[in-house]
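Overview (structure and organization)
Below are the chains, spelled out letter by letter.
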Amino acid sequence: MTTRPRPVRALAALTGAAALALAVGCTAADPVAEAEEYYLDLSDDPMAASGIGLTTVEGDPWSFTDAAEDRLTLLFFGYTSCPDVCPMTMAEIDLALGQAEGAADAYDVVMVSTDPARDTDEQLRSWLDRFDPSFQGVRGDIDATVEAARDYGIPIDPPQEAEGEYLVTHGGRIVVLLPGGEAAGLFDEGTEAEQIAALLPALADTLL
């Protein structure tokens, strides 16, 4: 009886290929990397926290370094009489947190007024309540607000009247703050709730 030799090298090659295929198949996709079209990841080199001091609508002193120690903060600069970007952005944040379910507990939401002369404490609090009473409103001197926004790469111009119109110009990105106020990333203006919600659990897992 003749015994044929086993194709050891061929078997080893097949086994290695199968193991590689299994490893590739089991490798989880990186949600943050996949979101690069609408999310700027700064986690490897976060922006320093702004040192500007402002005030909450309750009258308490507040600074960006006061961001919660055990949560991330979604920060937005806007104003209550904004006709489009601001209400749409806050609505998308509210929807995203609802869709993220349990991951929502890892986030605070803070809106800093870019029109503090007209956004009184009462006006800002009432406006935010339409979205979620837990959203925090913050106000301060407009020059300080402009400086704070620019610390996070958000362009803002002080409100001005021109030809009978009251103009408030501001960037529409959402900043993701780490505990301590450093910026770990930014959602582009116009990012939809579903896109934000898909990223919130991964950001909480990797940044907290």
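The present account deals with the structure reproduced in this document. (Residues numbered from 1 in each chain as written. Predicted model: local features only at pLDDT ≥ 70, side-chain atom pairs only at ≥ 80, totals over all residues. Heavy atoms only, no water.)

1. Observations concerning the overall build of the chain
Scanning the chain from N- to C-terminus turns up 6 helices and 10 strands. Sorting the 208 residues of the chain into buried and exposed places 42% on the buried side. Residue pairs in contact within the chain that sit at least 24 positions apart in sequence constitute 71% of those at least 6 positions apart. Here the chain has roughly 11300 Å² of accessible surface; of this, 52% comes from carbon and sulfur atoms. (Helix = DSSP H or I, 4+ residues; strand = E, 2+ residues; numbered from the N terminus. Buried < 20%, exposed > 50% of the residue type's maximum accessible area, 1.4 Å probe, protein only. Contact = heavy atoms within 4.5 Å. Areas by Shrake-Rupley, 256 points an atom, 1.4 Å probe, with all protein chains shown as cover.)

2. Things to note about the packing of helix 3 (residues 85-100) against helix 6 (residues 193-207)
It is the contact of helix 3 with helix 6, at a shortest axis distance of 8 Å, that shows an interaxial angle of 45°. Here helix 3 is positioned oblique relative to helix 6, judged by the angle of their axes. Once helix 3 is placed against helix 6, the crossing between them reads as right-handed. Here Glu92, Leu95, Ala96, Leu97, Gln99 and Ala100 of helix 3 come into contact with helix 6, specifically with Ala193, Glu194, Ile196, Ala197 and Leu200. Here the contact of helix 3 with helix 6 is composed, by residue class, of 8 nonpolar, 1 polar and 2 charged. (Axes fitted to C-alpha atoms, helices over the stretch in contact; angles between N-to-C directions. Parallel < 35°, antiparallel > 145°, perpendicular 65-115°, else oblique. Left-handed = near helix turned anticlockwise from the far one by under 90°. Nonpolar A, V, L, I, M, F, W, Y, C, P; charged D, E, K, R; others polar.)

3. Observations regarding the side chain of Thr114
Looking at the secondary structure, you find Thr114 in the loop between strand 5 (107-113) and helix 4 (121-129). Thr114 gets classed as buried once you look at its relative accessible area, which sits at 0%. For Thr114, the contacting residues outside a window of four places in its chain are Phe77, Gly78, Tyr79, Ile142, Thr145, Ile156, Pro159, Val168 and His170.

4. A short note on the nonpolar core
One broad trend across soluble globular proteins is that nonpolar side chains are buried collectively. With 42 residues, the main nonpolar core has Tyr39, Met90, Tyr107, Phe187 and Leu203 as its most contacted residues. Considering each element in turn, this core owes the most residues, 9 residues, to helix 6. With residues up to four places along the chain from it excluded, the contact list for Phe187 reads Tyr38, Tyr39, Arg173, Ile174, Val176, Ile196, Leu199 and Leu203. If you look at the next biggest cluster of nonpolar residues, it comprises 22 residues, including Leu42, Trp62, Phe64 and Ala144. (Core = buried A, V, L, I, M, F, W, Y, C linked by side-chain atoms within 4.5 Å.)

5. Quick look at the sheet that holds strand 3 (residues 61-63)
Across the sheet, 8 strands lie side by side as 1-10-9-4-5-6-2-3; this open sheet has mixed pairing. Each of the sheet's edge strands pairs with one partner strand only, and the pair in question is strand 1 (39-41) and strand 3. Looking at each pair of strands side by side, their axes are set apart by 30° on average, direction ignored. Sheet strands touched by helix 6: strand 1, strand 4 (72-78), strand 5, strand 9 (174-177) and strand 10 (183-187). Its angle to strand 10, the strand with the most contacts, is close to 175°. (Pairing = 2+ DSSP bridges.)

6. Side note on the pattern of salt bridges
Tallied over the entire structure, the rule returns 8 salt bridges. Measuring nitrogen to oxygen at the nearest pair gives 3.0 Å for the salt bridge that ties Asp70 to Arg71. What makes Arg71 partly exposed here is its relative accessible area of 25%. A salt bridge links Asp121 to Arg139; the nearest nitrogen and oxygen atoms lie 3.0 Å apart. Placement of Asp121 in helix 4 and of Arg139 in strand 6 (residues 136-139) is noted, with a sequence separation of 18 residues between them. The exposure class of Arg139 is partly exposed, given its relative accessible area of 22%. Connected through shared salt-bridge partners, Glu58, Arg125 and Asp129 make up one network. (Salt bridge = Lys/Arg side-chain N within 4 Å of Asp/Glu carboxyl O.)

7. As for the pairing of strand 10
Here strand 10 lies mainly inside the structure; 5 of its 5 residues are buried. Note: strand 1 against strand 10, 3 bridges, orientation antiparallel. Bridge pairing links Tyr39 to Phe187 in strand 10. Inspection of the sheet shows strand 9 paired to strand 10 by 4 bridges, in the antiparallel sense. The residue of strand 10 that forms the bridge with Ile174 is Phe187. Connecting the antiparallel pair strand 9 and strand 10 is a turn made up of 5 residues, with Gly180 showing a positive phi of about 100°.

8. Quick word on unusual backbone geometry
Here the phi dihedral of Glu101 falls at roughly 50°; this positive angle occurs in a residue that is not glycine. Here Glu101 is to be found in the loop between helix 3 and strand 5. A relative accessible area of 62% means that Glu101 is categorised as exposed.

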